[in-house]
Every structure is written in structure tokens, then in C-alpha cells.
Amino acid sequence: MASTAISESYMIIIAIVTASILSAAVLPSVSQITQVYNNKAQDFKIESETNIKVIFSFGVSDENTVNVWVKNTGKIRIPSSLIEKSDVFFGPVGEFSRIKYNATTGSKWNYTIENDLNGDGIWDPLETIKITITLDSPLSTGDYYVKFATFQGSWSDYDFSI
Amino acid sequence: MGGLANVISSAFIILLFMNMLTLYYSASLKSADILRTGIDEAAESKKLEIRERISVDKLVAFNSTIVYGNVTNLGQTSIAARDFNKVDVILVYTALSNASKVSVRLSYDSTKTSANGWRATSVYTNGRLGETLSPINTPSASSGMWDPAETVKIEIWLNLTNAVDNTQGISLIVASPNAVVSIASI
């Protein structure tokens, strides 16, 4: 009787210790997994709040410059350091290529904030930037394509003819 | 004794697992909440864009430095006059100075003090001067709403350096605050 009670006590202690060890091993992993989920959800939220639209683009035959106006239609404020990480693609339809930001050689693009309403130098929601693409060869007549993609991958494109 | 001890140890183990599950689900709910907020805000932006619609017409080159245009709100939502500075007005024309084709975005300037700019001069409702709802106090446009079916007459002015050759074609591009675009040409 006493020996049964003792062995039962041992089993109880073993069960409790085992459960504690298991939870101590699993809890940090659960915590890590939930952190990953939260980070992914946060990234998705930022991506869905980052929205832009090309409203107009214009170029002239025999000239090297193309103007592109892009509006921030999202909820995110985009500082200059992140505008510079945007991607600009331009060229004849089907033959466009990526243009480098502020390149020292070859084609390049630069920008200005057209209506910096609060003067903070940040591309705020509903503000518009003007992208100036300077090409290393003049434009000729034909159909052209321009695409602007933000640091988060949100993009907008525009077709026009010269 | 044995039965009571089993119950206690079982209860302890169950409590531990319930703790882990609670932690996991509460974190999942937080992720779901963040996702829901992101989706809601994206949907709200799209909703605004769908409800906004404008149309540009009656483009007139008054002279080489003044251009007028009518912009009608054809959408289902009003645009506050204080948000006119979020409207984009772009002019494409042949420059009088050197006959080159140029495109220029004009800044909103209700006081007409800048060298180049645009402002709202009057508002029409179904062709009749004036508005019934939330009238805009043009040209300062510091208050009022640009309601559906109302037409705002805009005045674009340019300095002599940027003067327009009004014997050549002119295009006016207007984008609403949520980037809904309309184009008119003469």
C-alpha cells in the first residue's frame, strides 16, 4: 500500500516535470512563430497601404527628357531615402529597361516633389512627384512605356506615344 | 489518494497546454487584426478612387498667358475646396518662345501671386452660375465643397517666358486628389 502510494507519487512528479519540460521547449518556438506571423502581417499592412499612380507622362521627339508625374495615393509617407530606392522602367513598348536613379553615366532619373504641402521633404499621401528621365539618346516617334515601382513593390504604369 | 493525485497532475498538464494554446491564438488574433486593418485601409483607398470622377472640357486659350478650363465633378463624392492644392493641373502646349512642345504642372495658387499657377474662379451647377450645396468662396476657395454635378471654372496663368502659342494645340490634364484623371484638348 505504501509502496503503491510512493510509486504513484513518483509518476505524478514525472508527469508534471515532463509537462513542464515540454512546455519550456515548445513555448519559445510558439513565441517565435507568432512573432513571424505578426511581422508578416505588418509587412502586408505596409504593402497594402503603399499605393501610387502615374497620372501623366510626356516626351518629345528628338529630345532626351521624359516627364512622369506620380501621385502618392496610399497612406504611407515616403521619405527621400525610400523614393531613391524606387524602380523606374522606361522605353519603347516591349523594349523597356530599368533606369538608374541619379546615375553618373547613361540614362538616369531624378525627381522633385511638386506640391510638398507641409514642406517636410517627404512624399506624403496625395502629394505628387515629378520624375525626370534623362536619356542617353534622343526619343524617336513611337509608343513608349513607363513603370514606377515603390520600395515596397507597389507599382503603376503608363503608355504614351510620341 | 491515487485518484486525487491523478486528477491534480492531469489538471496541471491541461493548464500548461491551455496556456500555450492561449498564447498562440492570441498572437494569431493580433496578426489577423493587423491584416484586417491593412485590407480595410486598402479597400477604403480603392473606394475613394472609384467614387471620384471628373471631366475636363471647354478648354479655351484666352491669350498666350491665360487658359481657362471647366472641370466637372461627375463622381459620387464631394471634394473639399481646401483640397484643391492636392489637385494636379498639367498643361501640354507649344511654347511661344521657341516653338517646342512642353509639359508643365501648374501649382495651385488661390491668390494669383505666383508667376505660373491655377485657381478656381467660379462654380456652375448644370450650366447655371452658382451652387446650392456648400458654396465655394472663389477665388480664395478657403471653404466650401465641390459637390457632384458642379463645374469649377479654372484659370491657368503663365508668365511670358512660358507663354503658349495659342495657334497650336493645347491639352489640359487634371487629376483629382485620389488620382482620377481627365484630359481635354483643343
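An account of the accompanying structure is given in this report. Treat the numbers as computed from the prediction; the structure is a model and nothing was measured. (Residues numbered from 1 in each chain as written. Chains lettered and ligands numbered in written order. Predicted model: local features only at pLDDT ≥ 70, side-chain atom pairs only at ≥ 80, totals over all residues. Heavy atoms only, no water.)

**Structural notes on helix α1 (residues 2-49) of chain A**
With 48 residues, α1 of chain A extends 69 Å from end C-alpha to end C-alpha; this agrees with the ideal 70 Å at 1.5 Å per step. In the structure, α1 of chain A departs most strongly from a straight axis at Val 26 of chain A, where the bend amounts to approximately 25 degrees and where the proline Pro 28 of chain A lies between one and four residues downstream. (Helix = DSSP H or I, 4+ residues; strand = E, 2+ residues; numbered from the N terminus. Expected span 1.5 Å × (residues − 1). Bend = angle between axes of the 7 residues up to and from the residue.)

**Examining the pairing of strand β2 (residues 65-72) of chain A**
All names here are of chain A. Within β2, seven of the eight residues are buried, which leaves it mostly tucked inside the rest of the structure. Here strand β1 (residues 52-59) runs beside β2; their pairing, made up of seven bridges, is antiparallel. Its bridge partner lying in β2, Phe 56 is registered against Trp 69. Joining the antiparallel neighbours β1 and β2 is a turn of five residues, in which Asp 62 adopts a positive phi near 70 degrees. In this structure, β2 lies alongside strand β6 (residues 128-134), joined through seven bridges in antiparallel fashion. Each residue of the ladder has a partner; that of Val 70, found in β6, is Ile 129. (Buried < 20%, exposed > 50% of the residue type's maximum accessible area, 1.4 Å probe, protein only. Pairing = 2+ DSSP bridges.)

**Thoughts on the interface of chain B and chain A**
Taken together, the contacts link 45 residues of chain B with 38 residues of chain A. Roughly 3600 Å² of surface becomes buried between chain B and chain A when both sides are summed, with 71% attributable to carbon and sulfur atoms. Looking only at chain B, the three residues that lose the most surface to chain A are Met 20, Ile 34 and Arg 105 of chain B, adding up to 15% of its buried area. At the boundary of chain B with chain A, the tally comes to one salt bridge. For the pair chain B and chain A, the number of links is six residue pairs in polar contact (both at pLDDT 80 or more). Residue assignment for the side of chain B that touches chain A shows that the elements contributing at least two residues are α1 (2-51), β4 (88-94), β5 (101-106), β10 (171-175) and β11 (181-185) of chain B. With 23 residues, α1 of chain B is the largest single contributor of residues to the side of chain B that touches chain A. Along the lines of polarity and charge, the residues of the side of chain B that touches chain A split into 25 nonpolar, 13 polar and seven charged. (Contact = heavy atoms within 4.5 Å. Buried area = accessible area lost by both parts, 1.4 Å probe. Salt bridge = Lys/Arg side-chain N within 4 Å of Asp/Glu carboxyl O. Polar contact = N/O pair within 3.5 Å; in protein donor to acceptor, adjacent residues only side chain to side chain. Nonpolar A, V, L, I, M, F, W, Y, C, P; charged D, E, K, R; others polar.)

Purely spatial values, then, with no claim about function.
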